[in-house]
Amino acid sequence: MKERTRWIFVVLFAAAMAWLEAAVVLYMRLLLDRVQPYQIDPLPVSVGLGKAEVVREVSTLIMLWAVGYLAGAERRSRLGYAMLAFGAWDILYYVFLVPLSGWPDSLLDWDILFLIPLPWWGPVLAPASIALLMVMTGTLITQFQPSGQWLWPRWPAWLASLCGAGMALYTFMTDALRALGEGPIAVRQVLPVTFNWPLFGLALLLLSMPIIDLVWQLWLPLSLGRVRYMSGKVPGRQETLGR
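Predicted model only: the values in this text are computed from it and were never measured.

Our focus in this paragraph is the overall build of the protein chain. Along the protein chain, the regular secondary structure elements total 8 helices and 2 strands. Put simply, the protein chain runs from its N terminus to its C terminus through helices and strands in the order α-α-α-β-β-α-α-α-α-α. Here the protein chain displays about 13400 Å² of accessible surface, and carbon together with sulfur accounts for 69% of that area.

Per the stated rule, a full pass over the model turns up 16 aromatic pairs. Arranged with centres 5.3 Å apart and planes meeting at 35°, the rings of Trp216 and Trp219 form a pair that is tilted. Of the two residues, Trp216 and Trp219 are both situated in helix α8 (residues 209–231); the distance of 3 residues between them amounts to about one turn of the helix. Overall, Trp216 belongs to the partly exposed group, its relative accessible area being 43%. One aromatic cluster is present, formed by Tyr38, Trp110, Phe114, Trp120, Trp121, Phe172, Phe195, Trp197 and Phe200 through successive ring pairs. Directly above the aromatic system of Trp103 lies the positively charged group of Arg29, at a separation of 4.9 Å from the ring centroid. Lying across the ring of Tyr69, Arg78 places its NZ or CZ 4.0 Å from the centre.

Note the cis peptide between Trp103 and Pro104, where omega equals 5°. With respect to the helices and strands, the residue Pro104 is situated in the loop between α3 (75–101) and β1 (110–112). The omega torsion across Ile116 and Pro117 is -5°, close enough to zero to call that bond cis.

A separate point is the environment of Gly72. Note on placement: Gly72 falls in the loop between α2 (50–71) and α3. As a C-alpha pair, Gly72 and Arg6 span 66 residues in sequence and 8.4 Å in three-dimensional space.

Another aspect to go through is a nonpolar patch on the surface. Residues Met1, Ile8, Phe9 and Leu12 make up a contiguous nonpolar surface patch of roughly 450 Å² in combined accessible area. As for its position among the elements, Met1 is in the segment before α1 (3–32). Using a relative accessible area of 64% as the deciding quantity, one classes Met1 as exposed.

One pass over the full model with this rule turns up 5 salt bridges. Put simply, Glu21 and Arg56 hold a salt bridge, and the shortest N to O gap is 2.6 Å. Of this pair, Glu21 sits in helix α1 while Arg56 sits in helix α2, placing them 35 residues apart in sequence. Residue Glu21 shares its accessibility class with Arg56, and that shared class is buried. Measuring nitrogen to oxygen at the nearest pair gives 2.9 Å for the salt bridge that ties Asp111 to Arg29. Highlighted residues: Asp111 in strand β1 and Arg29 in helix α1, separated in sequence by 82 residues.

Counting residues in hydrophobic clusters, the biggest one holds 54 residues, and the most contacted among them are Trp89, Tyr93, Ile130, Ala168, Phe172 and Phe200. In this view, Trp89 contacts Ala14, Met17, Ala18, Glu21, Thr60 and Leu64; residues no more than four positions away in its chain are not counted.

Inspection of the secondary structure puts Glu57 in helix α2. Salt bridges are absent for the buried Glu57, whose nearest opposite-charge side chain, Arg56, sits at 5.2 Å. Among all residues touching Glu57, those that are not within four sequence positions of it are Leu113, Phe114, Leu115 and Ile116.

Cut-offs used in this document
- Residues numbered from 1 in each chain as written.
- Predicted model: local features only at pLDDT ≥ 70, side-chain atom pairs only at ≥ 80, totals over all residues.
- Heavy atoms only, no water.
- Helix = DSSP H or I, 4+ residues; strand = E, 2+ residues; numbered from the N terminus.
- Areas by Shrake-Rupley, 256 points an atom, 1.4 Å probe, with all protein chains shown as cover.
- Phe/Tyr/Trp six-rings, centres within 6.5 Å; stacked < 30°, edge-to-face > 60°.
- Buried < 20%, exposed > 50% of the residue type's maximum accessible area, 1.4 Å probe, protein only.
- Lys NZ or Arg CZ within 6 Å of the ring centre and 35° of its normal.
- Patch = residues over 30% accessible without salt bridge, like charges linked within 9 Å, V, L, I, M, F, W, Y side chains within 5 Å.
- Salt bridge = Lys/Arg side-chain N within 4 Å of Asp/Glu carboxyl O.
- Core = buried A, V, L, I, M, F, W, Y, C linked by side-chain atoms within 4.5 Å.
- Contact = heavy atoms within 4.5 Å.
- Lys, Arg positive; Asp, Glu negative; His and termini not counted.

Here it is in structure tokens:
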């Protein structure tokens, strides 16, 4: 199977899973009377669904990793397809929620993103931006193989991305972390008022380092090839352009 075909099927899986996820979230929010999540006590703990929701989140991550593992031929492509699946799923989840529930009204609406290990809060634009980077990274890794080799970000790019991930997680969990000393009920009832966009912007820049590195790896050989051609130093040619 060609890599382009694998890409299409992974995205189709992510799209179907996104619709399923959006439908389940709609059912749960209707049960809680919380279609708009930015309300007091928005978590499913209050109706006894807390453990089920946490397990559902873990199951979602396992499913996305599993489809990446099955689609990829080896370690690098498997991670690339898993990133593609996660990013496409996350973006399409919000896209599908609009016709299903009428929410979100805008990309700046607050959403509760995850419950593990603490509630994550952020405007819809924030996780969607990270998801877009994941789609781009996964696509570059799986669809471009110069000289028959998988593209792979070098370790400085991964290190920068890891730092960016930590910063992004902190922006999502800042308010929950502050409420930890007041007990689990306080954490559950946190409603953030402001989002640290400057810190998140820096995190997003660091998270984009693998993409920048991959594009550089693709562009540099092409650029060097053009330079050699313009200078007449083309492999296999004995004459120069001036003769």
